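Here's the letter readout for the chains.
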Amino acid sequence: MNKILIVLLCLVTINVSARQVITGNLADKETTKPVEGATVELLQLPDSSNIETSHTNSDGLFIFYRADTVKTYCLRVSHLAYKTTLLAVSKKKSMINNMGIIDLEPRTFSFKEVVINGSKVKVTELGDRTIYGIPDGIKKTSTDGLDVLRKVPSVQVDYLNENITVNGKSNIKIEVDGVTRDKEYLKRLHPSQIDKMEVITSPSGKYDADVDAVINIVTNPAMRYGLKGMFNVMALPISSENNIERASASLDYGLEKISYYVAANGMLQNFGIISDMNRIAGTNELQRISNQGINGNNKNVNVGLIYDPNELNDINLNVSYNGNASTTNSDAWNYNSTGLLNNITRTLSNTKSNNDGLTSSLFYKHKFDKKTTHGFEVELNYYNSLNNSSSTNYQNMNYNPLDTTLIHSLSSPSQWINEKSVTNTQTLKGQTNYTLPFGSEYSFNIGVSGNLNKYSIDNTNSLNTAPNLNYSDLLLGGFAELSKNFKMGSIKVGSRFETSHVVINSTGNNNYFSPLPYANGSLKFNDNNSIKLSYSRRVIRPSASQLNPFVSQVDSQTVSQGNSNLKPAYRDNFQFTYNVKVTISKITVNLAPQLFYEYKTGLIQTIISQIGTSNKFESMPENISNGYEAGTGLSVNSQIGKILFNSNFRYSYNHIDSYQNQITATNLRSWNLNSFLMAPIPWDLKLIAMLNLNGPVLDGQTETRMSPFYFLGLVKQFKNNSSLNIIAFNPFASRFFDSTSTLNNNAVYQSTDTYMKTQAAFVVMYSYNFKVGKSVDKQKHNVEQQVEDNNGFKLPF
């Protein structure tokens, strides 16, 4: 009898202690997109005691490890943007209980009618990206999506040409909700539409290997409904000769399943650039003083639609036109001395450039079922240039060094010489990606892509025959990756493969094959501490201007030409990041210290060398030797009461190996600081400030130093959904965008100082927006008193 009782007791004990993993994915019921940052509680019935709490990751995944196969449970799902959901957990005897995809119903709201008294900053570190929740304070002090991007740590958007860089790298891919866009598209986004921004510094194999980083802007789908519009104007007077004017407008109309949009923006700019150069090569010395007047404009139009016929399909169509035109007048005086011999030359030039093109893109995404991420996506892009040309008229003259009287023109037999390049470009790109999940933790991704790039450059010179460039590149790529999500983090391993067939002027045939592995992972110790490690191999391809063999002699002292023999360069990048969140009362600080190392091979840099023993020099890009960059960084995203402060600092040690007799082995320390501050002040105003400091930048032979850039401004919001920004750029500075470039090798020393004269650089921006559509009763939330979720900032609705 005792033996029977012991056996029964063991059986009961085994049954009671049988553990089970409960998992599933949360998705938006309307958009079917994963819901990140939701709180999922495992409650034991009948007393509803909390057994375990989980927070969904970027794929909407939650996992519980403490469940029991014989007990009864239910889930309570809560999220500020969705209705709280209770659902029973069906009993299963298996070790893994996968509940599939759980749809959450969004709360209906209207941004126009909601008052928000604060916002918590939120930063999420994943293996390949950093996700920044966009606080309400930043939205209210921004004019459009591009202006919001300026205030994100690690991202820089310059105010002159609006070029985007991430940690100093410039080949950036822009996406909105996972669909490829350009920076002009961001100007149609009202700040209130933006939920968060993902900065992907370790791009996966689905992206081309020459992409340095990806910025994906996640919008709020509720903002698609109704009729809405936006209008922005900006004026930036710098001095009587320097000014910028910009304007943009957009109109959107959204129904339940489809939304249409049209947006346009344009810019006018007038600049006066002053450049002083000193060059010493042996006994030859040159001093140049030049003035450039630049008048330019650009324009952009985006037209498209977003169609979601059901929860399993998503279609995006976009057509965009981009046009740029500029006229540059230059007057350069050159003072040469060789021993006791002196001469003075002068170069007058006038350059007119046009660059217009039309881009059409189609994106389609399909999911096979609502319960998993099983699906595929297809994207097609076609670009065709419309009117791309550059024409320069110039003349070189020689003057008497004693009385500066004109002796003769160096441009004979014709006083004015013309150089012209006409470029025709066609690019066809397509890619498809397939996702196959295994259970709730593993996911296998595979994709193929094809790029056909063709461009021809017809060069003419009124003095002699100029060589042309006919370039075609068929690039075929593919990737495969395996990823796993687990409770404390994630890991992803994969590789991209690219093979390209390059034909230059029908004679130069080159074939390249590039395996490009990558891996990244993240580990979360608790809600406030996590680490991530990533590795990726990237490629740097030569540009059309670098390949163009045309020899330009506009500069009487330096002959410039491209190099059709350039090869791709490669970079191997390693990054380690530690993320810590500190919360004390109304103070929230997210700190992300980082270590990085990047090894570079076959770097493409411009080499300036002396032509024989003459006073002339030649400028040509070359594949120089190898090098590396190592350093540390610190990203800060914080809120102190109602004050928002973002900052990103990087310190690096750069090394370049010696290259022939042109470059000696070079070591250089550099740094970059980019900070943004927003604080409320009396009279319902907001104070905004930005500071950008750059250390020396090494580019082959050349070291460049930039002057600090900073601004102070005030923002006023009005009740009619409009705002006024007044910003002072570099107050008290007499120069604008001042830079000094120094070249120093065995043959030549050259220093060039370039700047714009400043009288009073300030910006006046006015923005107005409206929305007509769904509305609800006015709601008022104090977000600072909300309990933060674990993985991402969400607006409190």
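Rules used throughout
- Residues numbered from 1 in each chain as written.
- Predicted model: local features only at pLDDT ≥ 70, side-chain atom pairs only at ≥ 80, totals over all residues.
- Heavy atoms only, no water.
- Helix = DSSP H or I, 4+ residues; strand = E, 2+ residues; numbered from the N terminus.
- Buried < 20%, exposed > 50% of the residue type's maximum accessible area, 1.4 Å probe, protein only.
- Contact = heavy atoms within 4.5 Å.
- Areas by Shrake-Rupley, 256 points an atom, 1.4 Å probe, with all protein chains shown as cover.
- Lys, Arg positive; Asp, Glu negative; His and termini not counted.
- Charge placed at Lys NZ, Arg CZ, Asp CG, Glu CD.
- Polar contact = N/O pair within 3.5 Å; in protein donor to acceptor, adjacent residues only side chain to side chain.
- Phe/Tyr/Trp six-rings, centres within 6.5 Å; stacked < 30°, edge-to-face > 60°.
- Lys NZ or Arg CZ within 6 Å of the ring centre and 35° of its normal.
- Pairing = 2+ DSSP bridges.
- Axes fitted to C-alpha atoms, helices over the stretch in contact; angles between N-to-C directions.
- Salt bridge = Lys/Arg side-chain N within 4 Å of Asp/Glu carboxyl O.
- Core = buried A, V, L, I, M, F, W, Y, C linked by side-chain atoms within 4.5 Å.
- Patch = residues over 30% accessible without salt bridge, like charges linked within 9 Å, V, L, I, M, F, W, Y side chains within 5 Å.
- pLDDT = per-residue confidence, 0-100.

Things to note about the overall build of the protein chain
When you go through the protein chain residue by residue, the secondary structure sums to 4 helices and 49 strands. Taking the principal axes of its C-alpha atoms as reference, the protein chain extends roughly 120 × 60 × 45 Å. Looking at the protein chain residue by residue over its 797 residues, the buried ones come to 53%. Looking at the protein chain alone, contacts between residues at least 24 apart form 65% of all its contacts between residues at least 6 apart. Here the protein chain displays about 35,100 Å² of accessible surface, and carbon together with sulfur accounts for 58% of that area. Charge separation in the protein chain, taken as the distance between the mean sites of 73 positive and 65 negative side-chain charges, equals 6 Å.

Some words on the environment of Asn300
Here Asn300 shows up in strand 20 (residues 284-310). In this structure, the C-alpha to C-alpha distance between Asn300 and Tyr185, residues 115 residues apart in sequence, is 8.9 Å. Discounting residues that sit within four places of it in the chain, Asn300 has contacts with Asp182, Glu184, Ala263, Ala264, Asn265, Ser320, Tyr321 and Asn322. Here the side chain of Asn300 touches Asn302 through a polar contact of 3.0 Å, side chain to side chain.

Digging into the packing of aromatic side chains
Using the criterion set out here, one finds 13 aromatic pairs in the structure. Measuring from centroid to centroid gives 5.8 Å for Phe62 and Phe64, while their planes differ by 55°, and the two rings are tilted. Accessibility expressed as a relative area gives 1% for Phe62, which makes it buried. Clustering of aromatic rings is evident, with ring pairs tying together Tyr535, Phe574, Tyr597, Tyr628 and Tyr653. Between Arg188 and the ring centre of Tyr261, over which it is positioned, the NZ or CZ distance is 4.2 Å. Sitting over the ring of Tyr755, Arg735 keeps its end group 3.6 Å from the ring centre.

Focus: the sheet that holds strand 16 (residues 213-219)
The strand order across the open sheet formed by 6 strands is 9-10-15-16-13-14, and the pairing between neighbours is mixed. Of all strands in the sheet, those bounded by a partner on one side alone are strand 9 (122-125) and strand 14 (179-181). The average angle at which neighbouring strand axes cross in this sheet is 25°, direction not considered. Of the pairings in the sheet, the one linking strand 15 (residues 194-200) to strand 16 comprises 6 bridges and is antiparallel in character.

What to know about the environment of Phe497
Checked against the element boundaries, Phe497 lands in strand 29 (residues 489-504). Sequence spacing of Phe497 and Glu377 is 120 residues, and the spatial spacing of their C-alpha atoms is 19 Å.

Examining the pattern of salt bridges
In this structure the tally under the stated criterion is 27 salt bridges. The salt bridge involving Arg129 is made with Asp128; its shortest N-O contact spans 3.0 Å. Counted as one network, the salt bridges with shared partners bring together Asp208, Asp210, Lys429, Arg496, Glu498 and Arg541.

Re unusual backbone geometry
Phi at Asp177 takes a positive value of approximately 55°, unusual for a residue other than glycine. Inspection of the secondary structure assignment puts Asp177 in the loop between strand 13 (172-176) and strand 14. Even without being a glycine, Asn730 presents a positive backbone phi close to 40°. Mapped onto the elements of the fold, Asn730 is located in the loop between strand 45 (722-729) and strand 46 (735-744).

Focus on the sheet that holds strand 1 (residues 19-28)
With mixed pairing, 3 strands are arranged side by side in an open sheet as 4-1-7. Among the strands making up the open sheet, the edge pair consists of strand 4 (61-68) and strand 7 (96-104). On average, each strand axis in the sheet is inclined to that of its neighbour by 20°, with strand direction left out of account. Note that strand 1 and strand 4 share 6 bridges and pair antiparallel. Its bridge partner being in strand 4, Ile22 is matched across the sheet by Phe64.

Topic: the pairing of strand 39 (residues 643-656)
Sheet topology note: the strand 38 (residues 627-640)/strand 39 ladder contains 14 bridges and is antiparallel. Pairing of Gln639 across the sheet is with Leu644, part of strand 39. Between strand 38 and strand 39, which follow one another and run antiparallel, lie 2 residues, and Gly641 among them has a positive phi close to 65°.

A few points about the nonpolar core
Formed by 50 residues in total, the largest nonpolar core has its most connected members in Leu149, Val155, Ile164, Ile215 and Phe729. It is strand 19 (residues 258-281) that contributes the most residues to this core, 4 residues altogether. Excluding its chain neighbours within four sequence positions, the residues that come into contact with Ile164 are Leu146, Leu149, Val155, Gln156, Val157, Lys169, Ser170, Ile172, Ile174, Lys183 and Ile215. Core analysis: the next-biggest nonpolar cluster, separate from the first, contains 18 residues, Ala81, Tyr82, Met99 and Leu104 among them.

Some words on a nonpolar patch on the surface
Together, Leu227, Leu251, Tyr253, Leu255, Tyr260, Val262, Val301, Val303 and Val772 give the surface a local cluster of nonpolar side chains, amounting to about 720 Å² of exposed area. Mapped by element, the contributors of at least two residues to the nonpolar patch are strand 18 (243-254), strand 19 and strand 20. Examined against the element boundaries, Val772 turns out to sit in strand 48 (residues 762-772).

A closer look at the environment of Ser353
Mapped onto the fold, Ser353 is located in strand 22 (residues 341-367). Each C-alpha atom, one on Ser353 and one on Gly24, is 56 Å from the other, the two residues being 329 residues apart in sequence. Setting aside anything within four residues of it in sequence, one finds Ser353 in contact with Asn324, Ala325, Ser326, Ser389 and Ser390. A distance of 3.4 Å separates polar atoms of two side chains, one belonging to Ser353 and the other to Ser390.

Quick notes on the side chain of Asn725
Within the secondary structure, Asn725 sits in strand 45. With residues up to four places along the chain from it excluded, the contact list for Asn725 reads Thr141, Thr143, Leu714, Val715, Val763, Val764 and Met765.

Some remarks on the pairing of strand 38
Strand direction decides the pairing type here: strand 35 (residues 587-601) and strand 38, joined by 14 bridges, are antiparallel. Of the residues in strand 38, the one forming a bridge with Tyr597 is Ala630.

A short note on the side chain of Lys151
Along the chain, the position of Lys151 falls in the loop between helix 3 (145-149) and strand 11 (155-157). Using a relative accessible area of 6% as the deciding quantity, one classes Lys151 as buried. Here Ser142 takes part through its side chain, which lies 2.9 Å from a polar atom of the side chain of Lys151. Here Lys151 is in contact with Ile138, Thr141, Ser142, Asn646 and Phe676, once residues within four sequence places are set aside.

Some words on the confidence of the model for the protein chain
Confidence along the protein chain averages 82 in pLDDT terms, with 90% of residues attaining 70 or more. Taken element by element, the protein chain is modelled with least confidence in strand 49 (residues 779-781), mean pLDDT 33, and with most confidence in strand 23 (residues 375-385), mean pLDDT 94. Per-residue pLDDT stays below 50 along residues 1-16; that stretch engages in 5 contacts with residues further than four places along the chain or on separate chains. Under a pLDDT of 50 for its full length, residues 109-119 has, in the predicted model, 45 contacts with residues more than four places off or in other chains.

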